[in-house]
Amino acid sequence: MVIGDGILTPSMSVLSAVNGIRIKAPSLHENYTVFIAGVILVGLFALQHFGTRNVGYLFAPILLAWLFCISVIGVYNTIYWNPHVVSALSPYYVYNFFKKAGKDGWSSLGGIVLCITGAEAMFADLGHFSQLSIRIAFTVIVYPCLVLAYMGEAAYLSKHKEDLQKSFYKAIPEVVFWPVFIIATLATMVGSQAIISGTFSVISQCRALKCFPRVKVVHTSNHIHGQIYIPEVNWILMVLCLAVLVGYRDTDTIGNAYGLAVITVMLVTTCLMFLVIVMVWKRNILGALAFVIVFGSVELLYFSACLAKVHKGGWFPLVLSLILLSTMCIWHYGTLKKQAYELNNRVCLDMLLSMGTNLGINRVPGIGLIYSNVATGVPPMFAHFVTNFPAFHRILVFVTVQSLTVPKVPANQRFVISRIGPPEFCLFQCVVRYGYKDQRNDTHDFENHLIETVSEFLRNGNNDGEAFRWETTNQQQSSPSDDVTASSFENVVSSESSKKTVRFRGVGCSKELEDLREARESGLAYMMGSTCVLACDTSSYLKKFAINIVYGFLRQNCRHPAIALGVPHTSLIEVGMVYRV
């Protein structure tokens, strides 16, 4: 629903702002307003690759000017048309409204909910601002200005009931109409930016949790992690926004879909807050229930009113969310099946060690990084490679990249390395762990950190298979053995042509450290599996459809794992296999 909100918000906001032109030119055909809104939307999405940080300096002046304009106009209309409308702030009129309107009053909640839309996108701003700044801005500036704006509009409507459909622009004084129109259009672009950023954030975290196909995530800021840009998602959102704009052409119909998406997001958020209060904050369960009952009952009232308008455009976010949910579930299901196959078919360590004598395996100079999802043992892909091509690198490191369900992994727990077999085989297992908010290093940094981890592992004498955690810092790690000059081992990271390399220096280095140095100089290669995942012949038609068609289509059209991990194409070895799950 948040992603659906990211499609409907720009379409709804920009079209409603551009429709102000028809106030001054009633004879203007709606095709022209739709075209202008489409041009603005294309420009909005085209600017996304610059990042919020580069264009964000314009946001604050635009929003402040917008809030100042609507609040001043609201005060003017209240004084000029009907000062008694101030009494509407009393809760008595809420009760009186529903008492007189009855069922019509309940039905009108589907339109009233549009007055509070936009609040659900504030979480996206947490990637750019602190919680305190958002609270102060909303309570001190945003909320009072909105109350004054709606109060002035109500005062105008009390004297001009015939202008109900166009009351906002009709209530603007003639002398300031065009400046306010320009500011309104710019403000809708800023408001749309927030929910677009929120959509990027949600998809990025779903991808990290293996619930979304691999996409490219670009961090547009070196200082603020929340500012990201996803090219594929950006252009898909733009196409869907234009489709909604051209298909609906009417802000009332888009508003029905928009309102249902927003109130559903709020209702689901309230339900999930129950888990946060009980499991994260460790508060009383009765307090959590009271929170859900108080806020959830109000939201359910709005939700029921919006459901009554499903046939008037509200079906769109329901269908879209169903498609997205199905895609995420099938991708997650297929990924789990693929990992389960690799775990069930991994090669026993004794079998790998015996392959050297049975197959006459040769060891070539260099370091080989074997990527797989198997955290212990040998992946079936590597065994398949060795049986067909009995040779591999002098030093092998089986690398498993894990995305954990935590925001960030501490630096001292990022790399976990252990030895496979006796020292003379030079086989290592390295588990690299990332949180869903961690920014992954580039290829050269990753190579450096990995080799430094292995060298530190060897220098500390961890030859008994015990896992070793190494903290990535800018300073050289120290240990009690550093006092012995003869056994010192220094890693010097130098930068040349924007590419970092690792150099080894020292006197009296162990044989394994010397082998590691020579292997690093000989070169480094990556090995990954190029798998085709198919359902078994005895599987149900539903499973065959999900795995063979949907999951297969997603795997073929999403980003390649090597590209997602930043593996250089010239150093990549791919091993083809078919997984029957």
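Residues numbered from 1 in each chain as written. Predicted model: local features only at pLDDT ≥ 70, side-chain atom pairs only at ≥ 80, totals over all residues. Heavy atoms only, no water.

Caption draft 1: Inspection of a nonpolar patch on the surface at higher detail. A contiguous nonpolar patch, built from Val268, Leu272, Leu275, Met279, Val280 and Trp281 and spanning about 610 Å² of accessible area, is present on the exposed surface. Along the polypeptide, Leu272 turns up in helix α12 (residues 251-280). (Patch = residues over 30% accessible without salt bridge, like charges linked within 9 Å, V, L, I, M, F, W, Y side chains within 5 Å. Areas by Shrake-Rupley, 256 points an atom, 1.4 Å probe, with all protein chains shown as cover. Salt bridge = Lys/Arg side-chain N within 4 Å of Asp/Glu carboxyl O. Helix = DSSP H or I, 4+ residues; strand = E, 2+ residues; numbered from the N terminus.)

Caption draft 2: Molecular detail of the nonpolar core. Counting 71 residues, the largest nonpolar core has Leu8, Tyr169, Phe200 and Phe316 as the members making the most contacts within it. With 12 residues, helix α10 (residues 177-208) is the largest single contributor of residues to this core. With near-sequence residues (within four places) excluded, Phe316 lies in contact with Ile7, Leu8, Val244, Tyr248 and Ala257. Among the nonpolar cores identified, the runner-up in size contains 30 residues, and Ile361, Val378, Val386 and Val581 belong to it. (Core = buried A, V, L, I, M, F, W, Y, C linked by side-chain atoms within 4.5 Å. Buried < 20%, exposed > 50% of the residue type's maximum accessible area, 1.4 Å probe, protein only. Contact = heavy atoms within 4.5 Å.)

Caption draft 3: The UniProt feature "transmembrane region" (unreviewed entry) in the chain, seen in detail. Taking the numbering used here, the UniProt-annotated feature "transmembrane region" (unreviewed entry) corresponds to residues 32-50, 57-79, 136-156, 176-203, 224-246, 258-278, 285-303 and 315-336. In residues 258-278, the share of helix is 100% and the share of strand is 0%. The end C-alpha atoms are 31 Å apart. Taken end to end, residues 315-336 has its terminal C-alpha atoms 32 Å apart, with 100% of it in helix and 0% in strand. (UniProt positions renumbered as here; feature names shortened; annotations may be inferred.)

Caption draft 4: Quick look at the packing of helix α5 (residues 59-81) against helix α8 (residues 131-157). Across the interface, α5 lies against α8 with an axial gap of 7 Å and an inter-helix angle of 35°. The handedness of the crossing between α5 and α8 comes out as left-handed. Residues Leu67, Ile70, Ser71, Gly74, Val75, Asn77, Thr78 and Trp81 of α5 touch α8, and the partners they reach there are Ile141, Val142, Cys145, Leu146, Leu148, Ala149, Met151, Gly152, Ala155 and Tyr156. (Axes fitted to C-alpha atoms, helices over the stretch in contact; angles between N-to-C directions. Left-handed = near helix turned anticlockwise from the far one by under 90°.)

Caption draft 5: Geometry of the layout of surface pockets. The space that makes up the second largest pocket amounts to roughly 850 Å³. In terms of lining residues, the second largest pocket is bounded by 32 residues, among which Lys210, Arg214, Gln339, Asn373 and Val401 are the most central. Sorting the residues of the lining of the second largest pocket by element identifies α10, α14 (315-344), β4 (391-404), β10 (524-534), α19 (541-557) and α20 (561-564) as the ones contributing at least two each. Tallied by class, residues from the lining of the second largest pocket come to 16 nonpolar, nine polar and seven charged. (1 Å grid on protein atoms, 1.4 Å probe; cavity = no way out; pocket = protein on both sides within 12 Å on 5 of 7 lines; lining within 4 Å. Points joined across faces, edges and corners; volume = space filled by probe spheres on them. Nonpolar A, V, L, I, M, F, W, Y, C, P; charged D, E, K, R; others polar.)

Caption draft 6: Structural detail: helix α18 (residues 511-522). Taking 1.5 Å of rise per residue, 12 residues should cover 16 Å, and α18 covers 16 Å from first to last C-alpha, within 8% of that figure. When we look at burial in α18, the residues that qualify are Glu512, Leu513, Asp515, Leu516, Arg517, Ala519 and Arg520. Immediately downstream of α18, the backbone of Gly523 shows phi near 130°, a positive value. (Expected span 1.5 Å × (residues − 1).)

Caption draft 7: Highlighting the pairing of β4. In terms of burial, β4 is a largely internal element, 11 of the 14 residues being buried. Bridge count between strand β3 (residues 362-371) and β4: eight bridges; the pairing is parallel. Bridging across to β4, Gly368 finds its partner in Leu396. Pairing of β4 with strand β6 (residues 427-435) involves nine bridges; the strand directions are parallel. When the sheet's bridge partners are listed, Ser403 is paired in β6 with Tyr434. (Pairing = 2+ DSSP bridges.)

Caption draft 8: How the structure looks around the pattern of salt bridges. In this structure the tally under the stated criterion is eight salt bridges. A salt bridge links Glu521 to Arg517; the shortest N-O distance between them is 3.0 Å. Taken as a pair, Glu521 and Arg517 lie in helix α18 at a separation of four residues, close to a single helical turn. Members of the salt-bridge network, linked through shared partners, are Glu514, Arg517, Glu518 and Glu521.

Caption draft 9: Highlighting the packing of aromatic side chains. Under the criterion given, the structure shown has 23 aromatic pairs. A centroid spacing of 5.5 Å and a plane angle of 10° characterise the contact between Tyr76 and Tyr80, whose relative ring orientation is stacked. With Tyr76 and Tyr80 both in helix α5 and four residues apart, the pair spans about one turn of that helix. By relative accessible area, which is 40% here, Tyr76 ends up partly exposed. Centroid distance Phe382 to Phe398: 5.3 Å. Interplanar angle 90°. Geometry classified as edge-to-face. Placement of Phe382 in helix α16 (residues 380-388) and of Phe398 in strand β4 is noted, with a sequence separation of 16 residues between them. Exposure class is identical for Phe382 and Phe398. Each is buried. Members of the aromatic cluster, joined through ring pairs, are Trp66, Phe168, Tyr169, Phe177, Trp178 and Phe181. (Phe/Tyr/Trp six-rings, centres within 6.5 Å; stacked < 30°, edge-to-face > 60°.)

Caption draft 10: The environment of Ala290, seen in detail. Note on placement: Ala290 falls in helix α13 (residues 285-307). When the C-alpha atoms of Ala290 and Phe274 are compared, they prove to be 9.4 Å apart, with 16 residues separating the residues in sequence.

Caption draft 11: Fine view of the side chain of Gln339. Within the element layout of this structure, Gln339 appears in helix α14. Classification of Gln339 as buried rests on a relative accessible area of 18%. Excluding anything up to four places from it in sequence, Gln339 contacts Lys210 and Asn373.

Caption draft 12: A look at the state of the cysteines. This model, assessed by the stated rule, comprises zero disulfides. Cys206 carries a free sulfur, and the closest cysteine sulfur to it, the one in Cys211, is 6.1 Å from it. (Disulfide = S-S within 2.5 Å.)

Caption draft 13: The packing of α14 against α19, seen in detail. Axis separation between α14 and α19 bottoms out at 9 Å; the angle between their running directions is 95°. As summarised for this structure, α14 and α19 are arranged roughly perpendicular, according to the angle between their axes. Touching Thr327, Ile330, Trp331, Tyr333, Gly334, Thr335, Lys337 and Lys338 of α14 are Lys543, Ala546, Ile547, Val550, Tyr551, Leu554 and Arg555, all from α19. Per-class residue counts for the contact of α14 with α19 are eight nonpolar, three polar and four charged. (Parallel < 35°, antiparallel > 145°, perpendicular 65-115°, else oblique.)

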